Amino acid sequence: MSAPGMLDERESGRPSDIASVDRLLSAPAFAALIERHGRTPVTVALREHLTSLRHAALAGSLARSSLPEAVIAAAVEARLAETARAALRPVFNLTGTVLHTNLGRALLPEEAVRAVAQALTAPVNLEFDLDSGERGERDTIVEGLLCELTGAQAATVVNNNAAGVLLMLGALAARREVIVSRGELIEIGGSFRLPDIMRRAGAKLIEVGTTNRTHGYDYAQALSARTALLMKVHTSNYAISGFTSAVALPELVELGRGHGVPVAVDLGSGSLVDLTRWQLPAEPTVRDAVAAGADLVAFSADKLLGGPQAGLLVGRGDLIKRLRLDPLKRALRVSKLTLAALEAVLALYRAPELLPARLPTLRLLTRPPLEMRSQAARLRPLLERALGEAYEVTDTPMRSQIGSGALPVDELPSHGLAIRAARRTGASLERLEAALRALPRPVIGRLAEKTLWLDLRCLEAGDEAAFAAQIAMLNP
Ligand SMILES: *Cc1c(COP(=O)(O)O)cnc(C)c1O
């Protein structure tokens, strides 16, 4: 008996049967490859391929059918295609989490894509005042829109919300104290922890109250000449329920005003519009925080707002000016690509009633479950055919999440496919999950409770045919 892959001794090619690099490179089949990919990449890929053939020959498992020039050229071409494939690739997000941080959060509208393409290919007035012909400030590109949409006096933009909070604390509270409720000392995604950011910014955290209850007098007692800020943090990814008490923003603002201490809010996702008008769960709006008297509000541009990755800070003109003058601002500033995309997305907010049609994030969040249900009915037979007897596929209601820490408790009714391994077939859900990830456009689902869940909320109509074509190629 020979080992699997072993060939009969007379069948297996020997190392000496393999053509040399030089001979192959001058063969016609390779001339075309060199023309298309360049001599160096072709030579590197060819050497690698010949090494693998030599190893097979030594192991007695080299099929003679893999020796002709044309076959070697095809194998080298496949290697080149593999190398040329971008590391950052489109995937199908069937996790059920719309704003998935690991999958790039918000998808941007066409308007933003066009604006970015333009900013990439033509010079732009990034820091150039077209009225005076003098040097300008890049913040002004979106400051007007941000003030219009939030009611704030001034605005600035940095790389992300974590950077926004770092800048706020570093510029306004270094070597001084910041008072925060113990119920709001958040950790987001494992790497954003408020006490750590506070330390890095050189500010001293003064924790007040308890995990479940903090009162106005807790803040009042902690105020001193060293207090730089009173800070509220939106508890984005958890909810404290039961016997609880928190100090509302207006009360904190009153306390701050009485002592001449600014009140800053990390709103996390925040929203520029009231989401309940689309029957989505309530999320605090930036405008409400500004109207309640917050002196500074920090929030993300790529969470519920549906824009590019950025951190937005809006509030009192004098405070924003101090942020702008801080050297940290220069280190945390955003590129023209971000500003181009952000301006295009913010402009859509001027017509809020059109947002579900124009802004992908809102379109996905407001998709009627009936749509996902009919998709599931169409896709189930395809998946059953591709997977065979070894798996059971059911179409079933499920619950999507908004994600990125927004609205952690509420879930959105959705529909999708649930795949389970049939008994006694040796089928493995882990292997199927890996096969889906290995497709040309990887399919990312969610493995839980011995079930692979494919939530169809983020599979829009335009992508369904591409998804179906791939499922037919599946080889679990
Ligand atoms: C998400 C979040 C952050 C971090 O924002 P990024 O844009 O991811 O840097 C900070 N604070 C709160 C409350 C958040 O929800």
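Residues numbered from 1 in each chain as written. Predicted model: local features only at pLDDT ≥ 70, side-chain atom pairs only at ≥ 80, totals over all residues. Heavy atoms only, no water.

**Q** So what's going on with the domain arrangement of the protein chain? Which residues, and what values?
**A** Segmentation of the protein chain into domains returns domain 1 (17-84), domain 2 (92-100 + 364-472) and domain 3 (110-356). If you average the C-alpha positions of domain 1 and of domain 3, the two centres end up 56 Å apart. (Domains from an automatic or database assignment.)

**Q** How would you summarise unusual backbone geometry if you had to cite specific residues and measurements?
**A** The phi dihedral of Arg-105 is positive, around 55°, even though this residue is not glycine. Here the phi dihedral of Lys-450 falls at roughly 50°; this positive angle occurs in a residue that is not glycine. Take Lys-450: it is sitting in the loop between strand S14 (446-448) and strand S15 (451-455). (Helix = DSSP H or I, 4+ residues; strand = E, 2+ residues; numbered from the N terminus.)

**Q** Explain the packing of aromatic side chains to me, and be specific about the residues and the numbers.
**A** Using the criterion set out here, one finds one aromatic pair in the structure. Directly above the aromatic system of Phe-243 lies the positively charged group of Arg-213, at a separation of 3.7 Å from the ring centroid. (Phe/Tyr/Trp six-rings, centres within 6.5 Å; stacked < 30°, edge-to-face > 60°. Lys NZ or Arg CZ within 6 Å of the ring centre and 35° of its normal.)

**Q** So, the layout of surface pockets: which residues are in play, and what are the values?
**A** Space inside the largest pocket adds up to approximately 900 Å³. For the largest pocket, the lining is made up of 31 residues, of which Leu-103, Gly-104, Arg-105, Ala-106 and Leu-107 are closest to its centre. Mapped by element, the contributors of at least two residues to the lining of the largest pocket are strand S1 (92-93) and helix H16 (360-365). Of all the elements, H16 adds the most residues to the lining of the largest pocket, at three residues. Taken domain by domain, the lining of the largest pocket gets at least three of its residues from each of domain 2 (92-100 + 364-472) and domain 3 (110-356). (1 Å grid on protein atoms, 1.4 Å probe; cavity = no way out; pocket = protein on both sides within 12 Å on 5 of 7 lines; lining within 4 Å. Points joined across faces, edges and corners; volume = space filled by probe spheres on them.)

**Q** Account for the pairing of strand S8 (residues 263-268), naming residues and giving values.
**A** S8 sits mainly inside the fold: six of its six residues count as buried. Going residue by residue along S8, you find Val-263, Val-265 and Leu-267 tucked away on one face and Ala-264, Asp-266 and Gly-268 tucked away on the opposite face as well. In this sheet, S8 lies alongside strand S7 (residues 227-233) in parallel orientation, the contact comprising four bridges. Bridging from a neighbouring strand, Val-233 pairs with Asp-266 of S8. Each parallel crossover has a hand, and the one from S7 via helix H10 (residues 249-259) to S8 is right-handed. (Buried < 20%, exposed > 50% of the residue type's maximum accessible area, 1.4 Å probe, protein only. Pairing = 2+ DSSP bridges. Right-handed = clockwise from strand over helix to strand, strands pointing away.)

**Q** Outline helix H4 (residues 69-84), supporting the account with residue identities and numerical values.
**A** Over its 16 residues, H4 runs 22 Å from end to end, which matches the ideal 22 Å to within 8%, given 1.5 Å per residue. Along H4, the residues classified as buried are Ile-72, Ala-73, Val-76 and Leu-80. Take H4 and look down its axis: the buried residues cluster within an arc of 100°, on one side only. Residues of H4 that are exposed and point over 90 degrees away from its buried face: Ala-70 and Glu-82. Contacts from the buried residues of H4 go to helix H1 (21-25), helix H2 (28-37) and helix H3 (39-58). (Expected span 1.5 Å × (residues − 1). Arc of directions from axis to C-beta. Contact = heavy atoms within 4.5 Å.)

**Q** With reference to specific residues and values, describe the side chain of Ser-300.
**A** Checked against the element boundaries, Ser-300 lands in strand S9 (residues 296-300). Excluding its chain neighbours within four sequence positions, the residues that come into contact with Ser-300 are Arg-105, Asn-161, Gly-268, Ser-269, Leu-305 and Ala-310.

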